[in-house]
Amino acid sequence: RATFRAMCASTSSTSASTSKKVDTPPVVQPRAPIITRRDIVLGSALAVGAHTLGAPAAFAAPAKLSDIGTLGLGCWAWGNKLVFQYDESMDDELQRVFNRAVDGGIKLFDSADSYGKDGRSETLLGEFLRECPSAKKDGVILATKLAPYPWRVTSKSFVDAAKSSAKRLGREQIDLGQLHWSTGNYQPLQEGALWAGIADAYDEGVIGAVGLSNYGPKQLRKIHKYMTARGVPISTLQVQYSLLSRFPELNGTKETCDELGIKLIAYSPLALGLLTGKYSVSNPPPGLRGNAYKGVLPGLPTLLETIREVGDAHGGKTPAQVAINWCICKDTVPIPGAKNVRQLEDNLGATSFRLTEGEIDALDRAAEKVGVSVSQNIFQTA
């Protein structure tokens, strides 16, 4: 520990970042999509039939979300039985989690139409928001991700999916609608229809702001070019990012987002629980997580030791709080999950301090020594 303190002491504390004043952007009126021969081949031309030229949007949606908060809440576990053993008996506690999160200042709640049977996670979020007693509920941002299922091969089918999600969320408009993943790796012919579909949903007012998920820098530039031609700004990109999954900062994703003015959201910032300190080779995570990450567990103790030393230097912060704060210091908005109020309180505590540059560097180097990263999402593109 003496070595660790000496390593960190030479670097001054990083001051909390100050938010820049963002001018309110002009309302973007719907426009006809710019269709090229390539778009027609990809299926984007299908959007024309559903596009009303010159008609005003149903909502005066902001061009971009300028503030989604410092910390969000991921709601994958709210409905997912396979990975997180969800059961409806958990709903009362999940509602308490939601209400406390709103009171605790969390704005962004992230879901997906594939989280749980029949979009269970979205349905719960809609119910919880409707019944939330907090005065802060008006500031809540409900985000969801729309899956490019094989049967969603037209732009209209994607707009219809967005409308269904909005209904489950209890909203006339989804605050942040995101493409859950790109089909570029396995079905590139579907990609154009998906792009056109989410752009149409934005133009029609079904989606207030557009986001992406699991896009790498190469594919991100392609869709950014298309959306720019359509007059549709991209607000966010959501990727797997943690001390055990640093690909976004190493493969150019973070750099590309900074260049294009896209905010990076970090999902699985706790590596599905591995960075909480709960698990080890002798006590692996339950279910699929245990099998998926058994190769990471042997090298984990050294990283956890450094994480605990950093936490001790900040008055006893937990491993989860240090891991989440690391993501915040990397200029991302982490969205850890929480299935009970205790886990949520732990997450909220991650915003009460700031790592120093020396501590960030020590954590980076400790993560490198693990030697193995958690596997990337199979739908992640280059």
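Up top is the structure.
Residues numbered from 1 in each chain as written. Predicted model: local features only at pLDDT ≥ 70, side-chain atom pairs only at ≥ 80, totals over all residues. Heavy atoms only, no water.

Participant: So what exactly am I meant to see when it comes to the pattern of salt bridges here?
Facilitator: Once the charged atoms of two side chains with opposite charge are near each other, the side chains can pair. Applying the stated criterion across every chain, the model contains 21 salt bridges. Asp67 is the partner of Lys107 in a salt bridge, and the nearest nitrogen-oxygen pair spans 2.6 Å. In this pair, Lys107 is assigned in the loop between α4 (91–103) and β2 (108–112) and Asp67 in the loop between α2 (37–42) and β1 (73–74), connecting sequence segments 40 residues apart. For Asp67, a relative accessible area of 42% corresponds to the partly exposed category. For Asp258, the salt bridge goes to Lys254, with nearest N and O atoms at 2.9 Å. Of this pair, Asp258 and Lys254 both sit in helix α10 (residues 253–260), four residues apart, roughly one helical turn. A residue is classified by how much of its surface remains accessible, and Lys254, at 14% relative accessible area, is buried. Residues joined in a network through salt bridges with shared partners are Arg246, Glu249, Lys330, Asp364 and Glu368. (Salt bridge = Lys/Arg side-chain N within 4 Å of Asp/Glu carboxyl O. Helix = DSSP H or I, 4+ residues; strand = E, 2+ residues; numbered from the N terminus. Buried < 20%, exposed > 50% of the residue type's maximum accessible area, 1.4 Å probe, protein only.)

Participant: Sorry if this is basic, but what is going on with the state of the cysteines here?
Facilitator: In protein structure, a disulfide is the covalent linkage between the sulfur atoms of two cysteines. Under the counting rule described, the total for this entry stands at zero disulfides. Not engaged in a disulfide, the cysteine Cys327 finds its nearest cysteine sulfur in Cys329; these two sulfurs lie 9.4 Å apart. Look at Cys329 and you get buried, because its relative accessible area is 16%. (Disulfide = S-S within 2.5 Å.)

Participant: Would you mind going over the sheet that holds strand β4 (residues 176–179) with me for this structure?
Facilitator: To summarise the sheet geometry, strands pair through backbone hydrogen bonds and adopt either a parallel or an antiparallel arrangement. Reading across the sheet, the eight strands line up as β1-β2-β3-β4-β5-β6-β7-β8 and stay open at both edges, with parallel pairing between neighbours. Each end of this open sheet is capped by a strand with a single partner; those strands are β1 and β8 (333–334). In this sheet, strand β5 (residues 210–213) lies alongside β4 in parallel orientation, the contact comprising three bridges. Of the residues in β5, the one forming a bridge with Leu179 is Leu212. Contacts between helix α8 (residues 217–230) and the sheet are confined to β4, β5 and β6 (234–240), with β6 contributing the most and set at about 160° to the helix. (Pairing = 2+ DSSP bridges. Contact = heavy atoms within 4.5 Å. Axes fitted to C-alpha atoms, helices over the stretch in contact; angles between N-to-C directions.)

Participant: So what exactly am I meant to see when it comes to the side chain of Gln173 here?
Facilitator: Within the secondary structure, Gln173 is located in the loop between α6 (155–169) and β4. Judged by relative accessible area, which is 16%, Gln173 ranks as buried. From its side chain, Gln173 meets the backbone oxygen of Gly205 in a polar contact 3.0 Å long. (Polar contact = N/O pair within 3.5 Å; in protein donor to acceptor, adjacent residues only side chain to side chain.)

Participant: Explain the pairing of β4 to me, please; I cannot follow it from the model alone.
Facilitator: A regular strand carries its side chains on alternate faces of the sheet. Of the two faces of β4, the one carrying Leu176 and Gln178 and the one carrying Gly177 and Leu179 are both buried. Pairing geometry for strand β3 (residues 141–146) and β4, over four bridges, is parallel. Paired with Thr144 across the bridge in β4 is Gly177. Read from β3 through α6 to β4, the crossover connection turns out right-handed. (Right-handed = clockwise from strand over helix to strand, strands pointing away.)

Participant: Got a minute to help me understand the packing of α4 against helix α5 (residues 120–131) in this structure?
Facilitator: To characterise two packed helices, one gives the angle between the axes of the helices and the distance between these axes. At a minimum axis separation of 10 Å, α4 and α5 run at an interaxial angle of 60°. Taken together, the axes of α4 and α5 are oblique relative to one another. Note on packing geometry: the crossing formed by α4 with α5 is right-handed. Along the contact surface, α4 presents Asp91, Leu94, Gln95, Phe98 and Asn99, while α5 presents Arg120, Leu124, Leu125, Phe128, Leu129 and Glu131. (Parallel < 35°, antiparallel > 145°, perpendicular 65-115°, else oblique. Left-handed = near helix turned anticlockwise from the far one by under 90°.)

Participant: In this structure, what is going on with α8? I would like to understand it.
Facilitator: Structurally, the α-helix is built with 3.6 residues per turn, so residues lying three or four positions apart point the same way. The end-to-end C-alpha distance of α8, which contains 14 residues, comes to 20 Å, matching closely the 20 Å that a straight helix rising 1.5 Å per residue would cover. Taken residue by residue, α8 has Pro217, Gln219, Leu220, Ile223, Tyr226, Met227 and Arg230 as its buried positions. (Expected span 1.5 Å × (residues − 1).)

Participant: Just checking my understanding: could you explain the packing of aromatic side chains for this structure?
Facilitator: Geometrically, a pair of aromatic rings is defined through the distance of the ring centres and the angle of the planes. Counted by the stated rule, this structure contains seven aromatic pairs. On the numbers, 6.0 Å between centres and 50° between planes, the contact of Phe98 with Phe128 is tilted. Pair noted here: Phe98 is in helix α4 and Phe128 is in helix α5, with a separation of 30 residues, a long-range link. Pairing Tyr241 with Trp326 gives two aromatic rings, centres 5.3 Å apart and planes at 45°, and the pair type is tilted. Remark: Trp326 occurs in helix α13 (residues 319–329) and Tyr241 occurs in the loop between β6 and α9 (247–250); sequence separation between them is 85 residues. (Phe/Tyr/Trp six-rings, centres within 6.5 Å; stacked < 30°, edge-to-face > 60°.)

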